[in-house]
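# Commentary on secondary and tertiary structure
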Amino acid sequence: MKQYFITGTDTEVGKTYVTCQLLNAAQRLSLRAIGYKPIAAGCELVNGEWVNEDALNIQKASAKIRVGEVIEDVGGLKADSNNRKSGQTLPLRQINRKSGQTLPLRQINPIALKPAIAPHIAALEEGVTLTFDKIAQGLDLLKTYQPDLLLMEGAGGWRLPLTVGDEYTPTYYLSDVVKSLKIDVILVVGMRLGCLNHALLTAEAIRADGLAIKGWVANDVTGNMTRYQENLYSLKAMLPEPLLAEIPYQSEPNEEALFAAIEQIR
């Protein structure tokens, strides 16, 4: 299994769209691919469940699970997918025996915050604690489905705060979770004015955290960036990591280019 963390040069640079394109391409190559968005802010109540649009798109793009594989929480003890006691840090679960079932949204997005604001502020308003354990346990659960490719999408940019401390308590970032998990990173660059600075600073921060950047994706977020090709050339010259794919504005990316990206990360 290969797993990657998808981050971006800023918020609204198309992380979810790129994640879904990679998931879909992987499945067209007969790979089992699952997406994970542990934290999402900005939800609507749908049939009694708080739903984030990005998380819903990732759920739709993720592989369906075969007979006997969908695992449901029943609370309490520790168990593996055969409902036996084990040393895993996952709560007791039972197997849902439906064929070809879409993964439950709460497994794709375990932390769904209602207001569309910075997650640490939304969590504070709702009395929710954003913890390493919650994020890591959700990732561990998805690993039990034995995907070939697991893409964990962040929120905002690289330095997304989970808690904001003071002089006695340091601020804790989502990047600290990724660092602890030692996951390689894919960087989504929103191609617009300022992207050179944002991309270089983000890449520097990722490397400074001791993590590897597997590659980067150029996502045309406006369709009218002045000197797009020149900026793309500059990024290719300044970023040592490979360009995995280009995503055009409001049109389907080249399928062969996506397949080539999957071959580089599989």
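Throughout this document, residue positions are counted from 1 along each chain, in the order its sequence is written. Predicted model: local features are reported for residues with pLDDT of at least 70 only, side-chain atom pairs are reported and counted for 80 or more only, and whole-chain, interface and lining totals are derived from all residues. Side-chain metrics in this entry use all non-hydrogen atoms of the structure; hydrogen atoms and water are not considered.

## Focus: the pairing of strand 2 (residues 33-36)
The classification of residues rests on relative accessible area computed with a 1.4 Å probe and restricted to protein chains. Under 20% of the type maximum is buried, over 50% is exposed, and intermediate values are partly exposed. Counting from the N terminus, the helices are DSSP H or I runs at least four residues long and the strands are E runs at least two residues long. Residue alternation in strand 2 divides its side chains into two sets, A33 and G35 and I34 and Y36, and both sets are buried. Pairing of strand 2 with strand 9 (residues 149-153), which is carried by 4 bridges, proceeds in the parallel orientation. From the neighbouring strand, A33 faces strand 9, where its bridge partner is L149. At least two DSSP bridges between two strands are needed for those strands to be called paired.

## Thoughts on the packing of aromatic side chains
Stacked, tilted and edge-to-face are the three classes applied to pairs of Phe, Tyr and Trp rings, where Trp contributes its six-membered ring and a pair requires centres within 6.5 Å; stacked means planes under 30 degrees apart, edge-to-face means over 60, and tilted covers the rest. Applying the stated criterion across every chain, the model contains 1 aromatic pair. With a centroid separation of 5.9 Å and an interplanar angle of 75°, the aromatic rings of F5 and W158 are classed as edge-to-face. Of this pair, F5 sits in strand 1 (residues 2-8) while W158 sits in the loop between strand 9 and strand 10 (161-163), and the two are 153 residues apart along the sequence. In this structure F5 comes out as buried when scored by relative accessible area, which is 3%. With relative accessibility at 4%, the residue W158 sits in the buried group. Criterion for a charge above a ring: Lys NZ or Arg CZ within 6 Å of the ring centre, and within 35 degrees of the ring normal. The ring of Y173 carries the charged tip of R159 above its face, separated from the ring centre by 5.8 Å.

## Section: unusual backbone geometry
Of note in the backbone geometry, E12 takes a positive phi value of approximately 60° without being a glycine. Summarising the element assignment, E12 is placed in the loop between strand 1 and helix 1 (15-28). Judged by its relative accessible area of 65%, E12 falls in the exposed class. In the Ramachandran plot, R227 falls in the positive-phi region, its phi being about 60° despite a non-glycine side chain. Within the fold, R227 resides in the loop between strand 13 (213-220) and helix 8 (228-238). Relative accessible area serves as the criterion here: at 56%, R227 is assigned to the exposed category.

## Describing the nonpolar core
By size, the foremost hydrophobic cluster in this structure holds 70 residues, and its most contacted members are I135 and M191. Residues within four places of M191 in sequence aside, it is in contact with A218, N219, D220, V221, T222, M225, Y228, N231, L232 and L235. Each nonpolar core is a collection of buried residues, namely Ala, Val, Leu, Ile, Met, Phe, Trp, Tyr and Cys, held together in the definition by side-chain atoms within 4.5 Å. By the convention used here, residues are in contact when the closest approach between their heavy atoms is within 4.5 Å.

## Points about the pattern of salt bridges
A carboxyl oxygen of Asp or Glu within 4 Å of a side-chain nitrogen of Lys or Arg is what we treat as a salt bridge. In total, this model carries 8 salt bridges according to the counting rule given. The closest approach of N and O atoms between R159 and D209, which form a salt bridge, is 2.8 Å. Taken together, the positions of R159 in the loop between strand 9 and strand 10 and D209 in the loop between helix 7 (195-208) and strand 13 put the pair 50 residues apart, joining distant regions of the chain. R159 gets classed as partly exposed once you look at its relative accessible area, which sits at 39%. The partner of E263 in a salt bridge is R266, with the nearest N and O atoms 3.0 Å apart. Judged by its relative accessible area of 42%, R266 falls in the partly exposed class.

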